[in-house]
Amino acid sequence: MTELAKKRPEFRNINAFKDLPGYRWPLASLVSGMHRISGAIMFLLMPFIIWMFDKSLSSEISFAKFKLAFNVGMLGLPGFIWKLVALALIWAYLQHFIAGIRHLYMDVNHAVSKEFGKSSAAVTLALSLGLTLVLGAKLFGLY
Amino acid sequence: MSVNYGSKRIVVGAHYGLRDWLGQRITAALMALFTLIVLAQVLFTAGPIGYDKWAGIFASQWMKILTFCVIIALLYHVWVGMREIWMDYVKPVGLRLALNTFSLVWLVGCAGWAIQVLWRL
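What you see is a predicted model, and the numbers here were worked out from it, not measured in a lab.

Chemist: Help me understand the overall build of chain A, please; the structure alone is not making it clear to me.
Modeler: On a plain count of helices and strands, chain A comes out with 6 helices and 2 strands. Each helix and strand of chain A, placed in order from N terminus to C terminus, yields the pattern α-α-α-α-β-β-α-α. Against the 2.2 N^0.38 benchmark of 15 Å for 143 residues, chain A shows a C-alpha radius of gyration of 21 Å, more extended than a compact globule. Every one of the 143 residues in chain A was classed for burial, and the buried ones make up 34%. At a minimum sequence separation of 6, the contacts of chain A that also span at least 24 residues come to 60%. For chain A, the computed accessible surface area is about 9400 Å², with 70% contributed by carbon and sulfur atoms. Distance between charge centres in chain A, computed from 15 positive and 7 negative side chains, equals 6 Å.

Chemist: Where do I start with the interface of chain A and chain B in this structure?
Modeler: It is common to give the size of an interface as the accessible area lost on bringing the parts into contact. Across the contact, 27 residues belong to chain A and 37 residues belong to chain B. When chain A packs against chain B, close to 2800 Å² is buried across both sides, 70% of that on carbon and sulfur atoms. Contact with chain B buries surface across chain A, with A:Arg36, A:Phe43 and A:Leu57 losing the most and accounting together for 26% of the total. Where chain A meets chain B, there are 4 salt bridges. Residue B:Arg120 pairs with A:Asp54 through a salt bridge whose shortest N-O separation is 2.8 Å. At the junction of chain A with chain B, the criterion picks out 11 residue pairs in polar contact (both at pLDDT 80 or more). Residues belonging to the side of chain A that touches chain B are distributed by class as follows: 16 nonpolar, 6 polar and 5 charged.

Chemist: Whenever I open this one, the state of the cysteines confuses me. Can you help?
Modeler: Here, disulfide denotes a covalent bond that connects the sulfur atoms of two cysteines. Residues and elements named next belong to chain B. Scanning all chains against the criterion turns up 0 disulfides over all chains. Here Cys-69 stays free of any disulfide, with the sulfur of Cys-110 as its closest cysteine sulfur at 19 Å. Looking at Cys-69, the relative accessible area reads 36%, which means it is partly exposed.

Chemist: What's the story with the confidence of the model for chain B in this structure? I'm lost.
Modeler: Close inspection of predicted coordinates is inappropriate in any region flagged by low pLDDT. All names here are of chain B. The predicted model of chain B has a mean per-residue pLDDT of 89, with 94% of residues at 70 or higher. By mean pLDDT, the top-scoring element of chain B is helix 4 (residues 93-119) (95), and the lowest-scoring one is helix 2 (residues 51-57) (89). For this predicted complex, the interface score ipTM comes out at 0.83, alongside a pTM of 0.83.

Chemist: Would you take a moment to explain the side chain of A:Ser128 for this structure?
Modeler: Residue and element names in this part refer to chain A. Here Ser-128 shows up in helix 6 (residues 114-139). Side-chain polar atoms of Ser-128 contact the side chain of Gln-95, separated by 2.7 Å. Non-local contacts of Ser-128, meaning those with residues more than four positions away in its chain, are made with Leu-94, Gln-95 and Ile-98.

The rules we used
Residues numbered from 1 in each chain as written. Chains lettered and ligands numbered in written order. Predicted model: local features only at pLDDT ≥ 70, side-chain atom pairs only at ≥ 80, totals over all residues. Heavy atoms only, no water. Helix = DSSP H or I, 4+ residues; strand = E, 2+ residues; numbered from the N terminus. Rg over C-alpha atoms; globule rule 2.2 N^0.38 Å. Buried < 20%, exposed > 50% of the residue type's maximum accessible area, 1.4 Å probe, protein only. Contact = heavy atoms within 4.5 Å. Areas by Shrake-Rupley, 256 points an atom, 1.4 Å probe, with all protein chains shown as cover. Lys, Arg positive; Asp, Glu negative; His and termini not counted. Charge placed at Lys NZ, Arg CZ, Asp CG, Glu CD. Buried area = accessible area lost by both parts, 1.4 Å probe. Salt bridge = Lys/Arg side-chain N within 4 Å of Asp/Glu carboxyl O. Polar contact = N/O pair within 3.5 Å; in protein donor to acceptor, adjacent residues only side chain to side chain. Nonpolar A, V, L, I, M, F, W, Y, C, P; charged D, E, K, R; others polar. Disulfide = S-S within 2.5 Å. pLDDT = per-residue confidence, 0-100.

Take a look at the structure:
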């Protein structure tokens with residue numbers, strides 16, 4: 001009876017606040033975590049993405065409004081804030097896209113070694129951050 | 001009840017594991033293809049891209065059909081992804097149900113809006 005009454009260990013899913021900060025983040029798990037974060041960002045900003053799709057495609061006038069939002073501003077926020085939002089989306093898309101290609105590649109090739117996980121994660125991060133910098137510089141008119 | 005592994009394994013659950021896994025990859029491949037097609041048309045367009053050139057990319061019938069398929073693929077892909085996030089981090093059943101419901105409404109609303117934009121082009 002005492003053994004039954006003894007509290008048995010309880011295994012729960014990951015708690016974002018209690019467990020995540022204490023984690024070590026090797027590159028492969030960093031890419032995995034970023035896949036979720038970038039996906040969630042795009043999910044939450046989806047109305048903004050479709051707003052851009054709408055304004056840029058619907059007519060010449062709406063296209064001009066689309067450009068104005070980024071060059072001047074919209075809803076009381078200056079243009080560079082909207083450019084930062086766009087940059088966040090650019091990063092999220094690149095990260096999710098490249099990490100997704102990595103996933104597909106691993107599935108097709110059964111490339112599931114520890115070494116490949118690490119090296120491909122490094123390539124993914126370098127590519128996504130590098131391309132984000134290049135496109136971000138273009139977005140803010142640096143070249 | 002002797003052998004419970006390999007092909008003799010007793011499968012339990014709602015059987016949506018493989019379907020979600022495979023669906024996630026097929027929709028991802030379709031969206032990646034779409035990205036490359038749009039990107040190629042943007043990159044190979046000479047000169048600055050104004051409204052005409054941008055809207056021209058989505059004007060052809062095959063591109064509209066492809067974009068439509070991509071919107072549906074996105075809807076499914078994001079639903080599977082968000083459900084996974086809520087399943088991992090949100091334990092209380094009521095809250096999880098609310099977030100799942102919110103995700104679905106949010107996604108269906110977004111997909112409807114995107115299709116509306118596409119259809120009047």
